[in-house]
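# Coordinates in review
Chain by chain, the residues:
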Amino acid sequence: MSKKLHVTTTVNGEAVEFLCEPRQSLLEVLRETMRLTGAKEGCNNGNCGACTVLMNGVPVNSCIVLAVEAEGAKLETVEGLADHGHLHPLQSCFLEGAALQCGICTPGFLVTAKALLDRNPNPSEHEIRFQLANNLCRCTGYDKIVRAVQAAAAELRATKACGAGGSGTVGHADAGCGGPAVAGPAKTT
Amino acid sequence: MDAMSSGGSEHVGAERIVAERIDDHQGGDNRGGDPGGGDNRGGDRQGTIERRSAGAAMGQPVRRWDTVAKLRGETRFVDDLPRAGVLVGGTVRSPVPHGRLLGLRFDPAFDWSTVTVVTARDIPGENVCPIVYRDQPVLAFDRVRYCGDPVALIAAEDEETLQRALDAVAVDIEPLASLFDARSAELPPEATVVSAAPPVYGTNNLYRRIEINKGNASEALAKAAVVVEGEYETGAQEHLYLEPQGMQAEREGGGIVLRGSMQCPYYLVEAVAVNLGIPESQVRVVPCAAGGGFGGKEDFPSLLAGHAALLAWKSGRPVRMVYERVEDIRYTSKRHPAWIRHRTGFTADGRLAGMEVELLLDGGAYSTLSPLVLQRAAVHAAGPYACDHVRIDARVVATNHPPRGAFRGFGGPQAAFAMETHLDRCATRLGLDPVELRRRNLVRPGDTLATGQTLGADGNVRTVLDRALAESRFVERRAACAAFNAAADTRTGATRFHRRGIGLSCFMHGTGLNGNAEGFFRSRVFIDATENGRFRVSTSQIELGQGTETIVAQLAAEGLGVSLDGIELAPLDTAVTPNSGPTVASRTAAVIGRLLIEAGRRLRTRVEQFHGGPLADESEFRAAAARLAAAGATREVAEYTPPPGFAWDEARHRGDAYLGFSWGCYVVELEVDLLTGETRPLDITAVQDIGCVVNPMLASGQVEGGVVQALGWALMETAVWRDGQMVNANMTDYVIPTAVDVPPIHVVFLEQPLERLPHGAKGLGELPHEGPAPAIANALRHALGRDFNAIPITPETILASQD
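Before going further, it helps to spend a moment on the domain arrangement of chain A. Residue and element names in this part refer to chain A. In terms of domain boundaries, chain A breaks down into domain 1 (5-80) and domain 2 (89-163). Using only C-alpha atoms to locate each centre, domain 1 and domain 2 end up separated by 21 Å. Counting residues at the interface gives 16 residues for domain 1 and 13 residues for domain 2. Roughly 1,100 Å² is buried in total at the junction of domain 1 and domain 2, and carbon and sulfur atoms are behind 60% of that figure. With a closest N to O distance of 2.9 Å, K114 and E76 form a salt bridge. Scanning the region where domain 1 abuts domain 2 turns up 5 residue pairs in polar contact (both at pLDDT 80 or more). Put simply, the parts of the chain that give the side of domain 1 that touches domain 2 at least two residues each are β3 (52-55) and β4 (58-61). For the side of domain 1 that touches domain 2, the leading source of residues is β3, giving 3 residues.

Below, the discussion takes up a negative patch on the surface. All names here are of chain B. Together, D158, E159, E160 and E324 make up a region of like negative charge exposed at the surface. Along the chain, the position of E160 falls in helix α3 (residues 159-167). The exposure class of E160 is partly exposed, given its relative accessible area of 40%.

The next thing to look at is the confidence of the model for chain B. Detailed reading of the predicted coordinates is not advisable wherever pLDDT falls low. All names here are of chain B. On average, residues of chain B score 92 in pLDDT, and 92% of them reach the 70 mark or higher. Taken together, the stretch residues 1-55 has pLDDT below 50 and engages in 138 contacts with residues farther than four places along the chain or on a different chain. Under the prediction, the complex receives an ipTM of 0.92, its pTM being 0.92.

This part covers the sheet that holds strand β5 (residues 74-76) of chain A. Residues and elements named next belong to chain A. In space, the 5 strands of this open sheet follow the order β2-β1-β5-β3-β4, with mixed pairing throughout. Looking at the sheet topology across the chains shown, the edges are occupied by β2 (14-20) and β4. When strand polarity is set aside, the average angle formed by the axes of neighbouring strands in this sheet is 40°. Of the pairings in the sheet, the one linking β3 to β5 comprises 2 bridges and is antiparallel in character. What sits directly across from L54, in β5, is E76. Sheet contacts for helix α1 (residues 26-33): β2, β3 and β5; angle to β2, the most-contacted strand, approximately 105°. Relative to the sheet, helix α3 (residues 106-119) contacts β3, β4 and β5, its axis offset from that of β3 by approximately 30°.

Turning next to the pattern of salt bridges. Going through the model one piece at a time under the given rule, you end up with 75 salt bridges over all chains. A salt bridge links E211(B) to R391(B), with the nearest nitrogen and oxygen atoms 2.9 Å apart. You can see E211(B) sitting in strand β9 (residues 206-214) and its partner R391(B) sitting in strand β17 (residues 390-398), a full 180 residues away along the chain. One network of salt bridges, in which partners are shared, links R31(A), E32(A), K40(A), D79(B), D80(B), R83(B) and R320(B).

Moving on, we get to the packing of helix α5 (residues 265-276) of chain B against helix α6 (residues 300-315) of chain B. Residue and element names in this part refer to chain B. Axis separation between α5 and α6 bottoms out at 9 Å; the angle between their running directions is 45°. With respect to their mutual orientation, α5 and α6 come out oblique. As α5 runs across α6, the sense of the crossing is right-handed. The residues of α6 that touch α5, namely those facing Y267, L268, A271, V272, N275 and L276, are P301, S302, A305, G306, A309, L310 and W313.

Definitions and limits used
- Residues numbered from 1 in each chain as written.
- Chains lettered and ligands numbered in written order.
- Predicted model: local features only at pLDDT ≥ 70, side-chain atom pairs only at ≥ 80, totals over all residues.
- Heavy atoms only, no water.
- Domains from an automatic or database assignment.
- Contact = heavy atoms within 4.5 Å.
- Buried area = accessible area lost by both parts, 1.4 Å probe.
- Salt bridge = Lys/Arg side-chain N within 4 Å of Asp/Glu carboxyl O.
- Polar contact = N/O pair within 3.5 Å; in protein donor to acceptor, adjacent residues only side chain to side chain.
- Helix = DSSP H or I, 4+ residues; strand = E, 2+ residues; numbered from the N terminus.
- Patch = residues over 30% accessible without salt bridge, like charges linked within 9 Å, V, L, I, M, F, W, Y side chains within 5 Å.
- Areas by Shrake-Rupley, 256 points an atom, 1.4 Å probe, with all protein chains shown as cover.
- Lys, Arg positive; Asp, Glu negative; His and termini not counted.
- Charge placed at Lys NZ, Arg CZ, Asp CG, Glu CD.
- Buried < 20%, exposed > 50% of the residue type's maximum accessible area, 1.4 Å probe, protein only.
- pLDDT = per-residue confidence, 0-100.
- Pairing = 2+ DSSP bridges.
- Axes fitted to C-alpha atoms, helices over the stretch in contact; angles between N-to-C directions.
- Parallel < 35°, antiparallel > 145°, perpendicular 65-115°, else oblique.
- Left-handed = near helix turned anticlockwise from the far one by under 90°.

Written out as structure tokens, the structure is:
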């Protein structure tokens, strides 16, 4: 057993310190040491995206990131997405649109989509599909996921337009702009 | 909402048509802590699906019940259970595909006192994994039959120790000649064993042969005006559920408890009791959330549960076995590869005169569910067509591949690929439009299928075909594809090398388990009234992602005539929840649905009798139910018995093969690039009759997911075998569709209710895997003018076909 290393990082807005072995993946530390089991191990090889977390706002496959690489980084996981019990618009749109089935890939899709919408509030369907292509889903066929991301983008834009929120997290029930919380997704053409 | 007008339902004659894109969602979530609020009864939604009884939630696109916890990352799958004090288990496997097991050598340099080792000698009960035939040992003891056959188990305190221990075991094997080609696997009955290798199974490597005879096919073919022959082949497919197999076992009192990912908790009860030599009452199974199954968690968890239980039994400690992805892909089951030969005779005007189908499946090294997969493949082999003279001869044989097993469709997709690809070739030979050829031959109500099963009023498959043609604008798009191809030389740039095609398939899927199997399971469900005025529903149906929890609640609410917020689901635990049979065979909505409706209706009657009269108002009804609950036990039990008139002759394969059939017609339009060989689906229309749509939002999710899984099977998913081992056993080299590989999928449901069930539901989950592959092969044929009789049709296949 190698000497453990000390790592200081931020996880979902909270300062966190942990000890890890040099060989340990970020996924292992998140799941085993911090007991944040939202990110899943689907392949442990960087292929399926079930372990995706955001590292300084960028989606990474945490199974192929070493835990020591998290030193000084800002990490976001699915557990940090909801704000005090209020689902993030992505979560509420996934809920309303049945954009999940078994749920193993869902945490990875949610944070990947969040990174996209943080960067690009109005992505095209192609951009959404391209961004999500690193996350595999074997249940849904992706259509409902893409629509949920479109709906969440619309909701976030609407919220921003009327000056509410600003943190990127809005309550699912307080659709302050009027209109439904979930816009009817446009039909794919 | 504008979206509503593109969705909703419409009434056409006697059938109800429910289109996709229903975008207003009502209903609650009694588990998730995020109650939907509002009125479950729907308001003024345009095109609301016709209610079958007042107050029920059936037919509504209610939210999934399991969603909020999954969205928060709070759902506990087996690998999310706390690790403290839990040993990790691993498997010592055969390094060769076939051989005599001489012994195991344990490296004395390793400290074996730090781990628990289980070999075949340590099994206190029977060394067998009981699925159908009981030919598979839990641990191989005299012979190994596939590369990866488990020979010993080890449990250690941590992964690192486990890996060192696994590396410190040498397996001594005298290799035997291996058998990989299913087509030459079956030995003639008189064969003496020429080579040193004994058969993989029994005396002749044949797991099962099924012959279905209707009329006299050979005579009919001899007289037919036109006879068309063809051979078709489909490959192995990996399930690739995103959560690998996983199980945790722990001694509890005098028995054992298992937690894990599975489709069939009561299969595990039997298997572990047999392995440990203890009564089934001493085995408790508490399923975790399951991260996808698709059939892959039907039979395999029985073996894995046996392994985990043996380690826990010997060590006295909880033991967890969660497979790494590579181990999962290499050593768990796959869809059966199939070779199917059709000889089909037609009259001069294109009507089916006689059909002969020979079907062969590679079952792999142990029989697992192969005898039943074969049965479904055989019954579906002649498709949804009316023909008086049919002969189907189907076999599944043993090879030294890892065992094949259940996979969504269960033999049906292989049969449908051959039938529907063949029919397009037949149409060309007959000089007929493929649509017209199908229209002339599809079954109607009153017709019989190959087993002699007579179709009821729901057997109108032409309606499904017609709707698919209309929704996809098939004729118009076909002309457009032809025009696109004709103009290829006038284009410049990359599109000069693009060709387009459109194809369709008609297919069916039998609802529930085959023949007498539903009667054998005698599935049971419970509904209890509670003192808080709700109704507690108990089944052993597993939520794999397909929406089981939600539709079970909806169906119970339908039977009781209450809204969804009156329903709670009992957590699944075989110590208390009844055996409602396996979560397989597209049976939950139909078979379990019937039981839930029956139990609900009976409980409603009891409450009303207790009250002394009818209770139209829901709150009064629930108050009376609460009073009844306070007064004593209120459990209603519904148990499955075959419906009146249902008759299946298992020995002759005659009669009612299934409760009924769902019907589908799928259309695929695609573009193929002659330079790269890539096939890009452009548009998919999926029309199906499933009798009764319990939840349109979840139902369309089943279709979309199934279509994409089948699209992968048809175009990209290639299992590469070398010396009996899958060499591309990882997600880099075994490629499945991503979000960019999927075209728009237009989903339409028709509802021709199955008369045998109170709600008319037919199966859905597996049906969508049957249609896409043949529609894709037919579309490629349309695009390129060449036959594609085998899948997967990869870019390499396309390029090779150009030479």
